[in-house]
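# Overview (structure and organization)
Given next are the chains, with one letter for each unit.
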Amino acid sequence: MAYAGFREFLEKLEKEGELKRIKTPVDPVLEITEIADRVVRAGGPALLFENPKGSNVPLAIGVFATRKRMSMALGVGDIEEIAKEIEEWTKLPSSMPSGLLAKAALLPQIGELAKNTAPKIVSHGQCQEVVKTGDEIRLSDFPILKCWPLDGGRFITLPLVFTKSIDGKRNVGMYRVQVYDEKTCGMHWQRHKVGNRHHGEYESQGRNIPVAVALGGDPALTYAATAPLPDMIDEMVFAGFLRKRPVELVRCKTQDIEVPADAEIVLEGYVPANERRTEGPFGDHTGFYTLEDEYPVFHVTAITHRKNPVYPTTIVGRPPIEDEWLGKTTERLFLPLVRLFIPEIIDYNLPPEACFHNLCIIKIKKRYPGQAQKVMNAIWGLGQMMFTKVIIVVDEWVDVHNLKEVLWVTTNNIDPERDTLFTRGPIDVLDHASRQMGFGSKMGIDATQKLPEEGFTRPWPPVIEMDESVKKRVDALWSQLGL
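So, here is what we can say about the structure in this document. (Residues numbered from 1 in each chain as written. Predicted model: local features only at pLDDT ≥ 70, side-chain atom pairs only at ≥ 80, totals over all residues. Heavy atoms only, no water.)

As a further point, take the pairing of strand S2 (residues 46-49). Burial along S2 is two-sided: Ala 46 and Leu 48 and Leu 47 and Phe 49, pointing in opposite directions, are all buried. Here strand S1 (residues 19-22) pairs with S2 via 4 bridges, running parallel. Paired with Lys 20 across the two strands is Leu 47, which belongs to S2. In terms of handedness, the path from S1 via helix H2 (residues 31-41) over to S2 forms a crossover that is right-handed. (Buried < 20%, exposed > 50% of the residue type's maximum accessible area, 1.4 Å probe, protein only. Helix = DSSP H or I, 4+ residues; strand = E, 2+ residues; numbered from the N terminus. Pairing = 2+ DSSP bridges. Right-handed = clockwise from strand over helix to strand, strands pointing away.)

Attention now goes to the packing of aromatic side chains. According to the stated counting rule, one finds 10 aromatic pairs in the structure shown. For the pair Tyr 3 and Phe 9, a centre-to-centre distance of 5.3 Å together with 65 degrees between the ring planes defines the contact as edge-to-face. Taken individually, Tyr 3 and Phe 9 each receive the classification buried, so the pair is uniform in this respect. Between Phe 9 and Phe 64, the ring centres sit 6.3 Å apart and the planes meet at 25 degrees, which makes this aromatic pair stacked. You can see Phe 9 sitting in helix H1 (residues 6-15) and its partner Phe 64 sitting in the loop between strand S3 (59-61) and helix H3 (67-73), a full 55 residues away along the chain. (Phe/Tyr/Trp six-rings, centres within 6.5 Å; stacked < 30°, edge-to-face > 60°.)

Attention now moves to the pattern of salt bridges. Inspection of the entire model under this criterion finds 36 salt bridges. The salt bridge involving Asp 231 is made with Arg 197; its shortest N-O contact spans 3.0 Å. Residue Asp 231 is located in the loop between helix H7 (219-226) and helix H8 (235-243), and its partner Arg 197 is located in helix H6 (residues 194-204); the two are separated by 34 residues in the primary sequence. Accessibility expressed as a relative area gives 40% for Arg 197, which makes it partly exposed. Here Asp 347 makes a salt bridge to Arg 332, at a shortest N to O gap of 3.0 Å. Of this pair, Asp 347 sits in strand S20 (residues 345-349) while Arg 332 sits in helix H9 (residues 324-341), and the two are 15 residues apart along the sequence. The same class applies to Asp 347 and to Arg 332, which are both buried. Taken together, the salt bridges that share partners define one network made up of Glu 80, Lys 328, Glu 331, Arg 332 and Asp 347. (Salt bridge = Lys/Arg side-chain N within 4 Å of Asp/Glu carboxyl O.)

Here the focus is the sheet that holds strand S13 (residues 258-260). Judged by pairing direction, the sheet is mixed, and its 3 strands sit side by side in the order S4-S12-S13 without closing on themselves. Only two strands of the sheet have a single neighbouring strand rather than two, namely strand S4 (120-122) and S13. Within the sheet, the average angular offset between the axes of one strand and its neighbour, ignoring direction, is 45 degrees. Here strand S12 (residues 248-251) runs beside S13; their pairing, made up of 3 bridges, is antiparallel. The partner of Arg 251 across the bridge, within S13, is Glu 258. (Axes fitted to C-alpha atoms, helices over the stretch in contact; angles between N-to-C directions.)

Before going further, it helps to examine the sheet that holds strand S19 (residues 311-313). Here we have 4 strands laid out as an open sheet, ordered S1-S2-S3-S19, and mixed in their pairing. Strand pairing shows two members of the sheet lacking a second neighbour, S1 and S19, which therefore form its edges. Strand-to-strand twist in this sheet, taken as the mean axis angle between neighbours without regard to direction, amounts to 20 degrees. Docked against the sheet, H1 engages S1, S2, S3 and S19, running at close to 105 degrees with respect to S1. (Contact = heavy atoms within 4.5 Å.)

Turning our attention to H6. Given 3.6 residues to a turn, an α-helix orients residues that are three or four positions apart in the same direction. Burial in H6 covers these residues: Val 194, Gly 195, His 198, His 199, Tyr 202 and Glu 203. Residues of H6 that are buried make contact with strand S7 (160-164), strand S8 (170-173), strand S11 (209-215), strand S14 (265-271), strand S15 (276-279) and strand S18 (293-305). Phi for Gly 206, located one or two positions after H6, is positive at around 70 degrees.

All right, on to unusual backbone geometry then. With an omega of -5 degrees, the peptide bond between Gly 280 and Pro 281 qualifies as cis. The omega torsion of the bond from Pro 319 to Pro 320 falls at -5 degrees, within 30 degrees of zero and hence cis. One can find Pro 320 in the loop between S19 and H9. Backbone geometry at Asn 308 places phi at a positive 55 degrees, although glycine is not the residue there. Since its relative accessible area comes to 66%, Asn 308 is described here as exposed. Positive phi outside glycine occurs at Phe 356, with the angle close to 70 degrees. For Phe 356, the position within the fold is in the loop between S20 and strand S21 (359-364).

Here it is in structure tokens:
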């Protein structure tokens, strides 16, 4: 299902009892965060603040905060429906080897996907019903949040940041944007992100890079901007796949770049070469503040928006919080792609309490010695999974989504010295504990049953379980026990 824009999605949420309108004036500085944080943690509805203080633009928050709303955002009954579709799409002949040959075998399918879901350029878009340039540009028109007390200012937290490489390949990422003044912002694209790479290409030639920041539109577009896609897949193609309809894009008024025609608000501008400014602090999804650092500067050359736009936003903070289901959706949708390259993986869990990238719990069908370590190293070499700080590998009978069971099995099954693997590599730049920004150590824990070939010579004890015949007899007696 494709939505005609963010407003249609909000209408759907309201019809399903998943959205609450707030008419009371509330301050975007801290107050909205506190309200939204309480509601999200209680499993409450999305919120539409109709009268945010200091702005005439309504603010929507919490729209992705539950599994149901995330499924609704992608137009399905449950996100597992899309995971199953991706699994079918990635199936290869049983005789096909894994690894690079599997990737090569998928190239024709990727080409077909791109052809069928490629975005379309249109001449007009609702995102340009109002166009403001020059002295009309005022970022203060919008109810941009200051989320946490020590934040360095107000931050745009749900932006779709559009860039192109020198050779014209599009990327859409989600990088927070700190508002410095009416026309100038900090652009927090981290060193490992594609937006940063595109900027580096322009910067090496002393050129400004055109940038557009879109807010709203079909919620599938917002999710696609967060997805850890391979470089070969355009986020707008992926969004077209999710919504079963190509995304319509319109050319910006002042920059050579295209944006979703159904967006609520678009900031057009550029990031110059060799200009940096202090960005932060920012209360981040780790639950800690990301401290100040120097980042590129985004200069706004135009603001376009719908008539009577709605400002979409989110908050991040001590997990689990509103971004939980954006992350868990990625976990479920990308499992088939992970299994394409590491086929012994049965399932995995990226707990939101561990900020997703800090812990990956994997279950495998173990067949040979050292297989757990093989899986760890494969994960660390797989796209953005390189940021995984801790990996725990368990046997196929363990429920990786039951953290109590995982802790029980892990602490019982390991000899810490023997079963812990340490290595070094790239670390998420938000990790405040690593020895230096972006580089640090990682740990893998082999919590599988040990094999004789791995040097384990003692008998491995069975798990305590009741006989099935006894369970059935007790089931028949249960109604008579008064319990």
